[in-house]
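# Examining the three-dimensional arrangement
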2 protein chains.
Amino acid sequence: MSVETLAPAVDMDVLHGRLDALVAINPLPPDGACRLALTAEDRAGRDQFAAWAQAAGLALSVDAVGNMFASLHGARPDLEPVMSGSHLDTVATGGRFDGALGVVAALGVAEAMKASGKTLPRGLVVAAFTNEEGARFQPDMLGSLVHVGGLSVSEARDTVGVDGICLGDALDEIGYAGPMPPGAITPSAFIELHVEQGPILDAEGLTIGVVEGVQGISWQEVTFEGEANHAGATPMRLRQDAGRAALALGDTLNALTAQIDGLLATAGRIVMVPNLINVIPQRATITVDLRHPDDAALQKAEDCVGALAREAAQAAGVSHATRQLARFSPVPFDAGLQERIALAAEARGLPMRRLISGAGHDAQMLARTSKSAMIFAPSIDGISHNPAEATHREDIEKAVSVLGDVLWDLCCEESD
Amino acid sequence: MSVETLAPAVDMDVLHGRLDALVAINPLPPDGACRLALTAEDRAGRDQFAAWAQAAGLALSVDAVGNMFASLHGARPDLEPVMSGSHLDTVATGGRFDGALGVVAALGVAEAMKASGKTLPRGLVVAAFTNEEGARFQPDMLGSLVHVGGLSVSEARDTVGVDGICLGDALDEIGYAGPMPPGAITPSAFIELHVEQGPILDAEGLTIGVVEGVQGISWQEVTFEGEANHAGATPMRLRQDAGRAALALGDTLNALTAQIDGLLATAGRIVMVPNLINVIPQRATITVDLRHPDDAALQKAEDCVGALAREAAQAAGVSHATRQLARFSPVPFDAGLQERIALAAEARGLPMRRLISGAGHDAQMLARTSKSAMIFAPSIDGISHNPAEATHREDIEKAVSVLGDVLWDLCCEESD
């Protein structure tokens with residue numbers, strides 16, 4: 001195997017102009033944006049992508065959960081196309097690159113292929129998947145999950161967002177419930193370019209991350225129910241303090257990461273009712289985000305959280321209930337595709353390393369039905385899910401060039 | 001000293017009808033209400049009180065922070081009047097009796113005095129103080145604090161509520177910024193009837209609580225500032241997790257109550273930003289409500305919370321800042337008034353005990369400038385700040401009769 005062809009260059013000014021345009025829809029200083037899935041802002045991003053794809057002469061199709069596909073046709077329609085892309089939605093405090101980079105980079109590669117005048121054997125499909133972040137609707141990576149058949153369209157449409165709105169209603173409202181059945185396009189390979197969202201490449205001065213796989217993810221929401229009462233007149237021993245239980249559970253997570261090597265644990269969201277300074281909380285809901293590259297270790301962490309929640313409820317004299325909001329086992333990426341990415345980086349003389357993705361990505365869903373892999377560009381100081389998310393322009397250019405080389409190479413491949 | 005006169009009975013049907021009417025403004029099942037200070041609901045309660053007072057032939061005056069006074073004049077205008085009352089505002093999850101009972105009971109006593117045909121030497125002033133709860137504006141007991149000169153009208157008006165609205169604007173909006181200078185009426189004695197809001201009387205099967213004083217209150221708000229980042233891609237050691245610090249601080253409060261005997265500590269309110277499942281919190285604000293009958297112990301608890309906040313911030317790699325939202329030292333009530341209440345209960349053969357109030361009350365502010373004391377009626381199961389707050393009707397009637405006896409007695413007193 002080798003990657004000898006240096007693909008035609010992507011126009012980086014156009015690419016950065018597109019990232020600027022996406023940020024400009026709903027900017028958050030210094031360089032971030034908020035386009036929560038299926039909001040008016042997300043629609044504006046989708047409209048932009050559709051306009052760019054159509055201007056580039058690509059064929060646009062939208063599936064029933066709003067996944068968007070812009071296709072450059074190949075010379076041999078009997079061969080499955082290659083697919084590349086990511087997502088356009090962001091978290092509430094989103095950055096410039098998370099998701100958007102993978103979409104505009106793949107679009108740039110498709111345009112460069114078209115501009116080269118050659119029609120490669122396989123087509124290239126630029127994909128933008130719905131609700132990757134999971135900030136509004138759980139689970140995250142919902143669009144790509146539906147694409148690979150892991151969730152039905154009707155289940156997806158019935159998903160209720162944190163704002164109480166059904167995904168189906170939100171999708172209809174923005175006009176992106178398309179006619180194509182999910183999964184209609186199954187690629188021969190899927191490559192996603194994404195920023196690392198972690199500090200490893202930046203700390204080691206490397207340009208390219210060859211992603212070996214994605215760690216497992218478990219999202220739980222634990223709700224404690226006690227009794228609202230007066231903070232000044234209720235003796236400690238007679239309280240049923242739901243807030244105390246949630247605080248205790250959240251506070252134990254850090255210790256848990258010291259017990260289970262490699263575990264990441266985050267309590268990102270807590271809501272107390274009535275949430276008043278002088279009222280003992282009647283209800284408290286806290287989320288627990290667990291990640292581990294090893295499924296057995298992740299399961300162990302989940303078991304520990306279950307036990308800790310029970311203990312916290314018991315100590316506070318309250319009841320509790322747990323909802324699993326998402327659960328994805330660790331996903332290894334295709335070894336052959338990893339090797340292609342590494343060779344492409346080597347051919348361009350770019351310093352690289354292999355690493356595990358801390359974040360979940362659409363590529364892990366695509367891996368269920370296609371060979372799949374990812375390229376990481378460095379994130380300065382590892383900052384992500386934050387409007388200060390940043391990557392040096394020269395690192396973006398190098399990562400896009402590796403993506404272009406790999407996609408060009410894959411589109412040339414005539415064997416199955 | 002003796003309390004021999006059994007005062008004319010208050011019409012309990014009218015009294016309960018008034019409590020019904022106040023609940024009906026904005027009811028919360030099963031028997032509670034929400035009338036946050038200076039909202040439209042609070043105005044409706046004030047309008048009711050004003051209408052009842054005027055119908056009873058009492059002279060109504062409103063001071064510059066909205067404190068309301070309904071006066072039954074005495075035979076000797078050279079003597080200071082007696083004052084009794086409480087507040088009409090509630091917490092968001094308020095009960096039927098908290099505050100409202102003290103106002104309608106004093107009003108009922110004034111009406112019974114008037115109906116008796118006798119004009120007692122001293123007048124009786126029925127008071128309803130602004131923003132006792134502190135649920136919307138901090139500090140709590142704000143109206144009575146202004147009444148006794150502890151806070152200027154302009155400082156009070158500049159207070160910003162949890163909804164971002166200035167107290168002065170809210171007061172103007174509901175039309176209750178009155179012309180009277182605060183403190184214009186200084187009573188010879190102030191008696192407040194209130195439900196206990198704690199479990200002691202109910203647990204011991206007693207009818208009357210003679211309140212010896214109010215424990216000290218300290219309200220702090222601690223804000224931690226870190227960095228928002230991706231929950232899956234940021235190693236634990238590189239996080240600046242503001243949420244983790246807030247959870248740690250909140251979780252230590254319970255242990256602190258085990259270390260400092262008699263301490264009550266509550267973390268009733270927590271707000272994380274951005275409050276998303278997969279984003280490390282950038283900011284987290286938590287409130288700490290501390291109560292203790294001894295000022296030195298309260299100060300020790302505050303010092304501990306300060307140290308715990310610093311440790312929590314350091315361990316999480318974040319900065320922190322603390323705002324003191326309220327600080328009231330323990331207040332002892334007038335020994336002579338306590339004795340009068342005890343004698344009145346004894347004269348009626350009612351089982352009673354002396355106890356310290358866990359909650360703050362307007363009477364503790366009045367104690368700065370007048371002899372002051374309180375009568376507690378039992379709270380079933382100690383439930384308060386909760387729509388399920390309840391007291392048996394016969395206990396209400398007995399407590400009102402003791403209030404009437406004490407007020408009648410005080411109004412008869414011609415010496416200073």
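Residues numbered from 1 in each chain as written. Chains lettered and ligands numbered in written order. Predicted model: local features only at pLDDT ≥ 70, side-chain atom pairs only at ≥ 80, totals over all residues. Heavy atoms only, no water.

Regarding its fold elements, chain A presents twelve helices and 18 strands. Relative to the 2.2 N^0.38 estimate, which gives 22 Å for 416 residues, the radius of gyration of chain A is 23 Å and therefore close to what a compact globule would have. Its C-alpha atoms give chain A principal-axis dimensions of about 80 × 45 × 40 Å. Counting the 416 residues in chain A, one finds 62% classified as buried. Surface exposure of chain A reaches about 13,800 Å², of which carbon and sulfur atoms provide 50%. Of the charged side chains in chain A, 29 are positive and 54 negative, and the gap between their average positions amounts to 3 Å. (Helix = DSSP H or I, 4+ residues; strand = E, 2+ residues; numbered from the N terminus. Rg over C-alpha atoms; globule rule 2.2 N^0.38 Å. Buried < 20%, exposed > 50% of the residue type's maximum accessible area, 1.4 Å probe, protein only. Areas by Shrake-Rupley, 256 points an atom, 1.4 Å probe, with all protein chains shown as cover. Lys, Arg positive; Asp, Glu negative; His and termini not counted. Charge placed at Lys NZ, Arg CZ, Asp CG, Glu CD.)

Low pLDDT marks regions whose predicted coordinates should not be analysed in detail. Per-chain confidence: chain A averages 96 in pLDDT, with 99% of residues scoring 70 or above. This complex was scored by the predictor with a pTM of 0.79 and an ipTM of 0.79. (pLDDT = per-residue confidence, 0-100.)

Working note: regular strand, side chains alternate between the two faces of the sheet. Residues and elements named next belong to chain B. Across the five residues of strand β4 (residues 68-72), five count as buried, placing the element largely inside the fold. Burial along β4 is two-sided: Met 68, Ala 70 and Leu 72 and Phe 69 and Ser 71, pointing in opposite directions, are all buried. Two successive antiparallel strands, strand β3 (residues 59-62) and β4, enclose a turn made up of five residues, where Gly 66 displays a positive phi of approximately 90 degrees. Across five bridges, the pairing between β4 and strand β6 (residues 124-129) is antiparallel. Residue Ser 71 lies in a different strand from β6, and its bridge partner there is Val 125. (Pairing = 2+ DSSP bridges.)

Taken together, the contact between chain A and chain B spans 62 residues of the former and 62 residues of the latter. In this structure, the connection of chain A to chain B is made through 24 residue pairs in polar contact (both at pLDDT 80 or more). Counting only elements with at least two residues in the side of chain A that touches chain B, the list comes to β10 (229-230), α8 (242-259), β11 (264-266), β12 (270-273), β13 (279-280) and β14 (283-292) of chain A. Looking at the side of chain A that touches chain B element by element, the count peaks at eight residues for α8(A). (Contact = heavy atoms within 4.5 Å. Polar contact = N/O pair within 3.5 Å; in protein donor to acceptor, adjacent residues only side chain to side chain.)

With that settled, consider the packing of aromatic side chains. To describe a pair of aromatic rings, you give the distance between the ring centres and the angle between the ring planes. Residue and element names in this part refer to chain B. This structure, assessed with the given rule, holds four aromatic pairs over all chains. Measuring from centroid to centroid gives 6.0 Å for Phe 129 and Phe 190, while their planes differ by 65 degrees, and the two rings are edge-to-face. On the criterion of sequence distance, the pair formed by Phe 129 in strand β6 and Phe 190 in strand β7 (residues 189-195) is long-range, its members being 61 residues apart. For the cation-ring pair, Arg 46 lies above Tyr 176, with the distance from its terminal atom to the ring centre recorded as 5.1 Å. (Phe/Tyr/Trp six-rings, centres within 6.5 Å; stacked < 30°, edge-to-face > 60°. Lys NZ or Arg CZ within 6 Å of the ring centre and 35° of its normal.)

Here we come to the packing of helix α10 (residues 335-347) of chain A against helix α12 (residues 393-412) of chain A. All names here are of chain A. Where α10 contacts α12, the axes come no closer than 9 Å and their chain directions differ by 125 degrees. For the element pair α10 / α12, the angle class is oblique. Every pair of crossing elements has a handedness; the one defined by α10 and α12 is right-handed. Note on element contacts: α12 touches α10 through Val 402, Asp 405, Val 406, Asp 409 and Leu 410, opposite Leu 337, Arg 340, Ile 341, Ala 344 and Ala 345. Considering only residue class, the contact of α10 with α12 consists of seven nonpolar, no polar and three charged. (Axes fitted to C-alpha atoms, helices over the stretch in contact; angles between N-to-C directions. Parallel < 35°, antiparallel > 145°, perpendicular 65-115°, else oblique. Left-handed = near helix turned anticlockwise from the far one by under 90°. Nonpolar A, V, L, I, M, F, W, Y, C, P; charged D, E, K, R; others polar.)

Below, the discussion takes up the packing of α8(A) against helix α9 (residues 295-316) of chain A. Residues and elements named next belong to chain A. α9 packs onto α8 with a crossing angle of 145 degrees between their chain directions and a minimal axis gap of 9 Å. In this structure, α8 meets α9 at a crossing whose hand is right-handed. Contacts from Arg 244, Ala 245, Ala 248, Leu 249, Thr 252, Leu 253 and Leu 256 of α8 reach α9 at Ala 301, Cys 304, Val 305, Leu 308, Ala 309, Ala 312, Ala 313, Ala 315 and Ala 316. Broken down by class, the residue content of the contact of α8 with α9 amounts to 14 nonpolar, one polar and one charged.

If you walk through the whole model with that rule in mind, you get 36 salt bridges over all chains. We note a salt bridge from Arg354(A) to Glu339(A), for which the minimum N-O separation is 3.0 Å. One end of the pair, Arg354(A), is in strand β17 (residues 352-357); the other, Glu339(A), is in helix α10, with 15 residues separating them in the sequence. Residue Glu339(A) is classed as partly exposed on the basis of its relative accessible area of 33%. Its salt-bridge partner being Arg157(B), residue Asp172(B) comes within 2.6 Å of it at the nearest N-O pair. (Salt bridge = Lys/Arg side-chain N within 4 Å of Asp/Glu carboxyl O.)

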